[in-house]
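Remarks on the overall topology
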Amino acid sequence: YLQKKQERRFRTIFAKRIAETITVRGSVRSLTPEALAEEFRRIDKGVQDGKLSKNELWEFISSGKAGEVNKNDFDALFAAIDLDKSGSVDFLEFCAFMGRCEDE
C-alpha cells in the first residue's frame, strides 16, 4: 500500500515538473504527443537510442528540473516507469507513465 501511495506521489510531482519544463500552461492533461516527444528527446542525452537509461533519467531528475528527489525515491520512481523491467524507459513507457499521472 505504501509503495503504491509513494508511486502516485512521485508520478504527480514528476508530471508537474515535466509540464513546467516544456512550458505548458494548465494540467498534465494538456500535454500533446509532440510536447511529450520533445521532452523525451531532451532527456535522452548521449546515444539518443530512443530509450532513457536509468542514468539519463537520474541526470535529468537530479539536475533539479523535476524537483528535489533523493536517490531512494528516484529508484522507486524509475521502477514505476520501467514497466517491462528492462532497465530502460522507452517512449511508450514514458507516455504511459505520464498518462497515469493525469489520472491523479
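Please refer to the structure placed before this passage.
Below, the structure is looked at part by part. (Residues numbered from 1 in each chain as written. Predicted model: local features only at pLDDT ≥ 70, side-chain atom pairs only at ≥ 80, totals over all residues. Heavy atoms only, no water.)

1. Remarks on the packing of aromatic side chains
For any pair of aromatic rings, geometry is given as the distance between the ring centres together with the angle between the planes. Tallied over the full model, the rule gives 4 aromatic pairs. Measuring from centroid to centroid gives 5.4 Å for Phe40 and Phe91, while their planes differ by 75°, and the two rings are edge-to-face. In this pair, Phe40 sits in helix 2 (residues 33–43) while Phe91 sits in helix 5 (residues 91–102), placing the two residues 51 residues apart along the sequence. Here Phe40 and Phe94 contribute two aromatic rings whose centre-to-centre distance is 5.4 Å and whose plane-to-plane angle is 65°, an arrangement assigned as edge-to-face. Of this pair, Phe40 sits in helix 2 while Phe94 is found in helix 5, placing the two residues 54 residues apart along the sequence. A relative accessible area of 5% places Phe40 in the buried class. Phe94 gets classed as buried once you look at its relative accessible area, which sits at 1%. (Phe/Tyr/Trp six-rings, centres within 6.5 Å; stacked < 30°, edge-to-face > 60°. Helix = DSSP H or I, 4+ residues; strand = E, 2+ residues; numbered from the N terminus. Buried < 20%, exposed > 50% of the residue type's maximum accessible area, 1.4 Å probe, protein only.)

2. Observations concerning the environment of Ser86
If you trace the backbone, Ser86 turns up in the loop between helix 4 (71–81) and strand 2 (88–90). C-alpha separation for the pair Ser86 and Ser53, spaced 33 residues apart in sequence, amounts to 9.7 Å. Side-chain polar atoms of Ser86 contact the backbone oxygen of Ser88, separated by 3.0 Å. (Polar contact = N/O pair within 3.5 Å; in protein donor to acceptor, adjacent residues only side chain to side chain.)

3. Things to note about the nonpolar core
By size, the foremost hydrophobic cluster in this structure holds 18 residues, and its most contacted members are Leu52, Leu57, Ile61, Phe74 and Phe94. Of all the secondary-structure elements, those providing two or more residues to this core are helix 2, helix 3 (54–62), helix 4 and helix 5. At 5 residues, helix 4 tops the list of elements feeding residues into this core. (Core = buried A, V, L, I, M, F, W, Y, C linked by side-chain atoms within 4.5 Å.)

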